[in-house]
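Here is what each chain is made of, one letter per residue.
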Amino acid sequence: MKKFTISYSNILMILPGIIGAVVLILIGLLPNDDAYITFTHSKNFALYGKLVWNIYDSERTLGSSTPLFAFLLGILGFIIDVDKIPQIALYINAIFLMGTGIIIYRIVYKETNSIILSFLISLLCSINSYNIKIHSYGFEFALFTFLLFLNIYIYLYKENYNLLDLILPSLLILTRIEGIVIYPLVYYRLFYGIKNKKYKIHYFILPVILVFLYIIFAKFYYDQILPQSINSKKAWKELFPVYPLDKDFLNNFRDRVLIVNEFWGSMLAPILRYGTEPATFIVYKLDINKAGNFLLNSNKSLLNYYIFINLFFLYYFYKNKNLVKLYLFIYTYFFFLFVFYTIRAESWYLPPLLISYLLLYSLGTYFLLKEIINRISQYISLKYVNQIILVLSSIFVILMLGKNYYLINRNKYPFDEYRGILYSPGMRDKVEIERFLAYKDAIEILKKNHIKGEIASPEIGVMGFYYTDGNILDLFGLCSKKVIRYYYEWSKTDKSLPPNLYVLQKTKSEIFIHGYNAENKEEINFLNKYYELLYIHPKYTIFGDPMYIWIRKDYNL
């Protein structure tokens, strides 16, 4: 292993990741209820040695979709402080962000042999304001992105593989199941890169060994292989399809294309164009679109350039007899298949996708300019060809850097006291902080009234982390197996009750907390029959609706 030395190139290699990490720390920890689902699993593991959602439930459930990250946070929480697991997540995300910056630098340098361009593209990926925002919630995507591009770097550029290299693919898929995308590259490189394969069978077993061990453990411990959150989404897709799909193949295909197109137009393209959440520039009256280059200033031009650059790369890598290099951008192709198949993609799934796009656009522009200028130089005498290519490519990347937007916190907007020194504008900032505070208040109200028992709620992350006096029943079934079983039962009934109240009727949960108003007579009658209203939050709302706390009438206060 080469020793790290202090040099101009090494400083530029580590600097982008350090800048990104500092920005993340300055933004600080922002709450997101879904992230607290993983924090709750980690806390239970740190305190009780059980990586489960409810420690009081005899039915063990893994509701987090990231077993490795939950395990890592649990270990660190046990060592440091379980109550600081959200803060721990923020700081380890900063570390993984630094690591990703180094990997991106190394990838770009391998392809361009330019220190300056490698620095600029690594900086572009390291300070992406949308990704920083997602990392500030404490999600696992800083780890997933780091492992994804580390695997890509190793299996594209290394000739020999050590033990750590061979188990990294397992770590990726244990972080998120989408990590399966790396395995075609891994086995392609192992199959064509290793001599005497029959004597080195461990090279082919080790990349999946941890996954197989986890499958065996999960089957015996949880009685299921996939995390419950994935099983529940599958059930919801069957029972409550967001887009009813025609059984006819052509109509079905057309509808799914429309779904992908909607995802591009309403979520992904605006984030790439503005560097932050869609419509943020309207909410904050900022015309961020003025920063950036003309090729990427509309959804249509962005898409056209994406298609063009992909076609160019097919030509370029084919000409250079190295089509496997397309794996640098594999996540852009994979994610569209993911959306095409699953229909639903949450906004916080995007960090690895955005890095893939930024690499595609920036490297694609570099190679395109290189191809054009080299061809021109065959007919017209040009001096400083390489310098011209570097300058034009750098200008493109710098313009893309201008699409990232950060503000200094001057206490101008709601809940700014919960922000850090910096922040990236976002539509859901107020919503996320408000529901976080509402659910924390709900737990305090239960404690004040000495109420204990099972809480049923459609949102459970924050309450799961702070509530210690009973189970949390997740009415979406992300963390509760029996909820999904009851939903299948409900689908065969007369459906006079909404599905969540049907579950309440079956489980008889002592506490029901929700953030929406009763909208039909059956719902109102059911709640008045079995529950009494304990509290309506006077200040905070859940996605704009009041937060209600209901207690079963047969509960003895």
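Being a predicted model, the structure only gives us computed values, none of them experimental.

Caption draft 1: The overall build of the chain, seen in detail. If you tally the helices and strands in the chain, you get 22 helices and seven strands. Over its C-alpha atoms the chain spans a radius of gyration of 25 Å, differing by no more than 12% from the 24 Å that the globule rule assigns to 557 residues. Dimensions of the chain along its principal axes, counting C-alpha atoms only, are 90 × 60 × 55 Å. Out of the 557 residues in the chain, the part that is buried amounts to 56%. Counted over contacts in the chain with a minimum sequence separation of 6, partners at least 24 positions apart contribute 69%. Taken as a whole, the chain presents about 25900 Å² of accessible surface, with 62% of it coming from carbon and sulfur. When the 57 basic and 41 acidic side-chain charges of the chain are each reduced to a single mean position, those positions are 11 Å apart.

Caption draft 2: Layout of the sheet that holds strand β5 (residues 511–514). Here we have five strands laid out as an open sheet, ordered β4-β3-β5-β7-β6, and mixed in their pairing. Edge positions in the open sheet fall to β4 (472–474) and β6 (531–542), since each of these has one partner strand only. Along the sheet, successive strands turn relative to each other by an average axial angle of 20 degrees, direction set aside. Here seven bridges tie β6 to strand β7 (residues 545–552), and the two strands are oriented antiparallel to one another. By the bridge assignment, Y531 is partnered in β7 with R552. Contacting β3 (455–457), β4, β5, β6 and β7, helix α21 (residues 499–507) crosses the sheet at an angle of about 165 degrees to β5.

Caption draft 3: Here's a closer look at the nonpolar core. If you look at the biggest cluster of nonpolar residues, it comprises 164 residues, and the most contacted ones within it are F263, F335, Y361 and I513. Among the elements that line this core, the one with the most residues is helix α7 (residues 141–157), at 15 residues.

Caption draft 4: Representation of the environment of I372. Tracing the backbone through its elements, the reader meets I372 in helix α16 (residues 351–379). On the basis of relative accessibility, which here comes to 39%, the residue I372 falls in the partly exposed class. When the C-alpha atoms of I372 and L226 are compared, they prove to be 49 Å apart, with 146 residues separating the residues in sequence.

Caption draft 5: Expanded view of unusual backbone geometry. Phi is positive for D223, close to 60 degrees, though the residue is something other than glycine. Within the fold, D223 resides in the loop between α10 (202–221) and α11 (228–239). Judged by relative accessible area, which is 54%, D223 ranks as exposed. Positive phi values are uncommon outside glycine, yet K495 reaches one of about 60 degrees. The topology assignment puts K495 in the loop between α20 (481–490) and α21.

Caption draft 6: Up close: the packing of aromatic side chains. If you walk through the whole model with that rule in mind, you get 56 aromatic pairs. Ring geometry for Y221 against Y222: centres 5.0 Å apart, planes inclined by 90 degrees, an arrangement best described as edge-to-face. For K440, the ring lying beneath its charged end belongs to Y466, and the centroid distance is 4.7 Å. Lying over the aromatic face of Y531, R552 brings its terminal NZ or CZ to 5.4 Å of the ring centre.

Caption draft 7: Main features of empty space enclosed by the protein. This model, assessed by the stated rule, comprises four cavities of 30 Å³ or more. What the largest cavity holds in volume is close to 90 Å³. As for the largest cavity, its lining consists of L124, N128, I271, L272, G275, L296, L302, L358, Y361, M400, K403 and N404. For the lining of the largest cavity, the secondary-structure elements that each account for two or more residues are α12 (249–274) and α16. Residue classes in the lining of the largest cavity are distributed as eight nonpolar, three polar and one charged.

Caption draft 8: Representation of a nonpolar patch on the surface within the structure. Side chains of I6, I11, L15, I18, I19, V22, L26 and I421 sit close together on the surface and give an oily, nonpolar patch of about 670 Å² of accessible area. Residue position: L26 is located in helix α1 (residues 8–27). Overall, L26 belongs to the partly exposed group, its relative accessible area being 30%.

Caption draft 9: Focus on α10. Across its 20 residues, α10 extends 27 Å between first and last C-alpha, which sits within 8% of the 28 Å expected from 1.5 Å per residue. Remark: the principal bend of α10, roughly 45 degrees, maps to V208. Among all positions in α10, only Y203, F204, L206, P207, V208, V211, Y214 and A218 are buried. Of the residues one or two after α10, D223 is the one with positive phi, at around 60 degrees.

Caption draft 10: Expanded view of the pattern of salt bridges. Using the criterion set out here, one finds 18 salt bridges in the structure. With a closest N to O distance of 3.4 Å, K43 and D83 form a salt bridge. With a gap of 40 residues between them, K43 in helix α2 (residues 35–48) and D83 in the loop between α3 (67–79) and α4 (85–112) connect regions that are remote in the sequence. For D83, a relative accessible area of 48% translates into the label partly exposed. Note that R435 is salt-bridged to E432, the shortest N-O span being 2.9 Å. Of this pair, R435 and E432 both sit in helix α18 (residues 429–448), three residues apart, roughly one helical turn.

Caption draft 11: Expanded view of the packing of α1 against helix α6 (residues 129–136). Axis separation between α1 and α6 bottoms out at 10 Å; the angle between their running directions is 55 degrees. The angle between α1 and α6 places the two elements in the oblique class. The chirality of how α1 crosses α6 is right-handed. Counted together, G20, V23, L24 and I27 of α1 and I132, H135 and S136 of α6 form the full contact between these two elements. Considered class by class, the residues forming the contact of α1 with α6 number four nonpolar, three polar and no charged.

Caption draft 12: Region of the structure containing the environment of K237. Of note, K237 is situated in helix α11. For K237, a relative accessible area of 29% translates into the label partly exposed. Along the sequence, K237 and T365 sit 128 residues apart, while their C-alpha atoms lie 39 Å from each other.

Conventions we followed
Residues numbered from 1 in each chain as written. Predicted model: local features only at pLDDT ≥ 70, side-chain atom pairs only at ≥ 80, totals over all residues. Heavy atoms only, no water. Helix = DSSP H or I, 4+ residues; strand = E, 2+ residues; numbered from the N terminus. Rg over C-alpha atoms; globule rule 2.2 N^0.38 Å. Buried < 20%, exposed > 50% of the residue type's maximum accessible area, 1.4 Å probe, protein only. Contact = heavy atoms within 4.5 Å. Areas by Shrake-Rupley, 256 points an atom, 1.4 Å probe, with all protein chains shown as cover. Lys, Arg positive; Asp, Glu negative; His and termini not counted. Charge placed at Lys NZ, Arg CZ, Asp CG, Glu CD. Pairing = 2+ DSSP bridges. Axes fitted to C-alpha atoms, helices over the stretch in contact; angles between N-to-C directions. Core = buried A, V, L, I, M, F, W, Y, C linked by side-chain atoms within 4.5 Å. Phe/Tyr/Trp six-rings, centres within 6.5 Å; stacked < 30°, edge-to-face > 60°. Lys NZ or Arg CZ within 6 Å of the ring centre and 35° of its normal. 1 Å grid on protein atoms, 1.4 Å probe; cavity = no way out; pocket = protein on both sides within 12 Å on 5 of 7 lines; lining within 4 Å. Points joined across faces, edges and corners; volume = space filled by probe spheres on them. Nonpolar A, V, L, I, M, F, W, Y, C, P; charged D, E, K, R; others polar. Patch = residues over 30% accessible without salt bridge, like charges linked within 9 Å, V, L, I, M, F, W, Y side chains within 5 Å. Salt bridge = Lys/Arg side-chain N within 4 Å of Asp/Glu carboxyl O. Expected span 1.5 Å × (residues − 1). Bend = angle between axes of the 7 residues up to and from the residue. Parallel < 35°, antiparallel > 145°, perpendicular 65-115°, else oblique. Left-handed = near helix turned anticlockwise from the far one by under 90°.

By themselves, these are just geometric observations and shouldn't be taken as functional.
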